[in-house]
Amino acid sequence: MIAYTALCAMVTVMISAAPGDGSMTKSKDTTVVNTKLIAKEVKGYRGATPVKIYIRKDKVVKVEALPNRETPKYFQLAKAVLNEFNGKTVAKAAELQVDGVSGATFSSEALVQNVKEGLKYYKKHR
């Protein structure tokens, strides 16, 4: 009976320690980090610029921009910075220095900051 109680307590602690806000999900061998809640204070020119980061075998597979209120013409330019993270290990991607895109500086810098916040969250909760 004591072993069962200890097991139940351990499972409860493990479940409560897991992030439950949907910011990180796993499908097959890929973990997806959504920065909508993680980096909601990170703003581009007109507001939040959340991303989804797809990670497989501790490498960034792709980074996808989520809906936002940025000016489409400039945001399209800014999204180019997201390709810089593809194929990098999580550790290297987290340390990567990426320049903002001229003409879309606020948006591109916000995207980079979103990725870094998402990677930090991944490293903490994996």
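As shown above, the structure is provided for reference.
This section reports on the structure supplied with the text.

Definitions and cut-offs
Residues numbered from 1 in each chain as written. Predicted model: local features only at pLDDT ≥ 70, side-chain atom pairs only at ≥ 80, totals over all residues. Heavy atoms only, no water. Helix = DSSP H or I, 4+ residues; strand = E, 2+ residues; numbered from the N terminus. Buried < 20%, exposed > 50% of the residue type's maximum accessible area, 1.4 Å probe, protein only. Areas by Shrake-Rupley, 256 points an atom, 1.4 Å probe, with all protein chains shown as cover. Contact = heavy atoms within 4.5 Å. Core = buried A, V, L, I, M, F, W, Y, C linked by side-chain atoms within 4.5 Å. Pairing = 2+ DSSP bridges. Axes fitted to C-alpha atoms, helices over the stretch in contact; angles between N-to-C directions.

**Considerations on the overall build of the protein**
Item 1. Along the protein, the regular secondary structure elements total 5 helices and 4 strands.
Item 2. N-terminal to C-terminal, the α/β element order of the protein is α-β-β-α-β-β-α-α-α.
Item 3. Counting over 126 residues, the protein shows a buried share of 38%.
Item 4. Accessible surface, the protein: about 8,000 Å² in total, of which carbon and sulfur atoms supply 57%.

**Re the side chain of E117**
Item 1. In this structure, E117 sits in helix α5 (residues 105–125).
Item 2. What makes E117 buried here is its relative accessible area of 17%.
Item 3. Ignoring any residue separated from it by four or fewer positions in sequence, one finds E117 in contact with I38, A39 and V42.

**Quick word on the nonpolar core**
Item 1. V33, I53, V63, F85, V115 and L119 are the most contacted members of the largest nonpolar core, which totals 26 residues.
Item 2. Within the residue set of this core, elements represented by two or more residues are β3 (51–56), β4 (59–65), α3 (72–78), α4 (90–95) and α5.
Item 3. Looking at this core element by element, the count peaks at 6 residues for α5.

**Comments concerning the sheet that holds strand β2 (residues 30–34)**
Item 1. Reading across from one edge, β1-β2-β3-β4 is the order of the 4 strands in this open sheet, with antiparallel pairing throughout. Both edges of this open sheet fall to β1 (24–27) and β4, since each of them pairs with a single strand only. Going from strand to strand, the sheet's axes swing by 20° on average, the running direction of each strand aside.
Item 2. Pairing geometry for β3 and β4, over 6 bridges, is antiparallel. Note that in β4 the partner of V51 across the bridge is A65.
Item 3. Across the sheet, α5 is in contact with β1, β2, β3 and β4; its angle to β3 comes to roughly 45°.

Honestly, that's just the spatial picture; any functional story needs more than this.
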